[in-house]
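The residues making up each chain are set out below.
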Amino acid sequence: MNLVGQIYRTNNGSIDKNIVDKIYTDGFNIAQYGLYMKRERDYKTFKVAVDAGFSCPNKDGTTDTRGCIFCPKMGRSISVEYCNIKYSLKEQIECQIQQNREKGISKFYVYFYPGTNTHGPLNHLKKLWDYALSFEDVIGLSIGTRPDCLENEKLDILEHYVKQGYEIWIDLGIQTMHDETLDFLNRKHTSKDVERVLTECKKRGILVCGHIILGLPNENWKMMMKTAKVLSDLKIDALKIYPLVVIENTELELLYWKGEYKSLDEKQYIYLVTDFLEHLSKYVIIQRVSKDKVPNEIKISPEWSLKRLRILNEVSKELSRRNSKQGFKYIEKF
Ligand code: SF4
């Protein structure tokens, strides 16, 4: 058995609630990922984002060709220097590890980022995952994918890495737990798919970080708070929360120019994230509350700065102003 992860990890396939409790005892009002990691281990980690050339079943004709209404028709909307298919996987991983070692970071996750990174044959996926884990000081994987693209055979391979001591995260595009909105967004998966993935991952010690969008078309406040509650009840491990960003060359852009979709203003978004956190379990680790990797040249709306630390500070201030904190309006189920 490979002991890499066992030496460095203490969470063993789940979030350590005692550590999260310490975050609040220390006076913080959000279970921030950075605070959690700092308390859990005495070394710094970095996610090496890689582009392994995956397409998406919602675009390549497997389930549809339209894609989600907020997803650009062409190309990839991210801007991470070495996360680029023009470099080999080896170059992408080695360059980023080297850059970050110089900053004092000693352990790494390989983050399969653009596209649907479980959309491929089992042997191809296994080869990629084995390769990523073969680099020195890589202690785990983070795999970006969709809820309808994680069959049990794929999860079984990932479970095998967990058993070897690696830390395996699924970065799961959820967006909302309301099927009518998923339908409008042309996501081509349902909330039941999310439930299944969360249940199967929990059984296998695979951690799940869900991606949620606030301010989706036709969603009211009550619906968004319900999403917070349902995901908390399902014991999701972590979340990245984003505002809906209108990017050029998307169906959402057309709705925006026709006046059929209006972005939230900054204050509305900050209040919504604050409300959402209050309705979420205090044990869900918050990885992000904004989306700041969208290049300005392709961003149509909103106009306000998406800088995530700035938004995080504003949300934290708003929680303090309310004398509240994450989980304040959620009844924990043990
Ligand atoms: S699932 Fe992701 S990659 Fe696929 S169309 Fe939707 S946003 Fe784009």
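Residues numbered from 1 in each chain as written. Predicted model: local features only at pLDDT ≥ 70, side-chain atom pairs only at ≥ 80, totals over all residues. Heavy atoms only, no water.

Under an unreviewed UniProt entry, the protein chain has the name Conserved hypothetical radical SAM protein and belongs to Methanococcus vannielii. Database annotation for the protein chain, UniProt heading Cofactor (unreviewed entry): "[4Fe-4S] cluster". (UniProt positions renumbered as here; feature names shortened; annotations may be inferred.)

**Examining the site of the ligand**
In the vicinity of the ligand, the contacting residues are C56, K59, G67, C68, F70, C71, R146 and R187. When the residues that make up the shell around the ligand are grouped by side-chain class, the tally is four nonpolar, one polar and three charged. (Near = heavy atom within 4 Å. Nonpolar A, V, L, I, M, F, W, Y, C, P; charged D, E, K, R; others polar.)

**Some thoughts on the packing of aromatic side chains**
Applying the stated criterion across every chain, the model contains six aromatic pairs. Relative to Y87, the ring of Y82 has its centre 5.2 Å away and its plane inclined at 50°; by these criteria the two rings are tilted. The exposure class assigned to Y82 is buried, which follows from its relative accessible area of 19%. Residue Y87 is classed as partly exposed on the basis of its relative accessible area of 24%. A centroid spacing of 4.9 Å and a plane angle of 20° characterise the contact between Y111 and Y113, whose relative ring orientation is stacked. By relative accessible area, which is 7% here, Y111 ends up buried. For K291, the ring lying beneath its charged end belongs to Y242, and the centroid distance is 4.5 Å. (Phe/Tyr/Trp six-rings, centres within 6.5 Å; stacked < 30°, edge-to-face > 60°. Buried < 20%, exposed > 50% of the residue type's maximum accessible area, 1.4 Å probe, protein only. Lys NZ or Arg CZ within 6 Å of the ring centre and 35° of its normal.)

**Concerning the layout of surface pockets**
Empty space within the second largest pocket amounts to approximately 180 Å³. As for the second largest pocket, its lining consists of 13 residues, and the residues nearest its centre are K17, K202, K235, I236 and Y283. When the residues that make up the lining of the second largest pocket are grouped by side-chain class, the tally is five nonpolar, three polar and five charged. (1 Å grid on protein atoms, 1.4 Å probe; cavity = no way out; pocket = protein on both sides within 12 Å on 5 of 7 lines; lining within 4 Å. Points joined across faces, edges and corners; volume = space filled by probe spheres on them.)

**Examining the packing of helix α11 (residues 266-278) against helix α12 (residues 308-321)**
One way to put it is that α11 packs onto α12 with a least axis distance of 9 Å and a crossing angle of 65°. Judged by the sense of rotation from one axis to the other, the crossing of α11 with α12 is right-handed. For the pair α11 and α12, the contacting residues are E266, Y269, I270, Y271, V273, T274, L277 and E278 in the first and R310, I311, E314, V315, E318 and L319 in the second. Across the contact of α11 with α12, the residue classes tally to eight nonpolar, one polar and five charged. (Axes fitted to C-alpha atoms, helices over the stretch in contact; angles between N-to-C directions. Helix = DSSP H or I, 4+ residues; strand = E, 2+ residues; numbered from the N terminus. Left-handed = near helix turned anticlockwise from the far one by under 90°. Contact = heavy atoms within 4.5 Å.)

**A closer look at the sheet that holds strand β4 (residues 167-175)**
In spatial order, the strands read β1-β2-β3-β4-β5-β6-β8; together these seven strands make up an open sheet with parallel pairing. On the outer flanks of this sheet lie β1 (45-50) and β8 (285-288), each paired with one strand and no other. On average, each strand axis in the sheet is inclined to that of its neighbour by 25°, with strand direction left out of account. Note that β4 and strand β5 (residues 207-214) share six bridges and pair parallel. Residue pairing across strands places Q175 opposite I212, the latter belonging to β5. (Pairing = 2+ DSSP bridges.)

**Focus: the environment of L254**
With respect to the helices, strands and loops of the structure, L254 is situated in helix α10 (residues 251-257). We classify L254 as exposed; its relative accessible area is 53%. Between the C-alpha atoms of L254 and S88, which are 166 residues apart in sequence, the distance is 36 Å.

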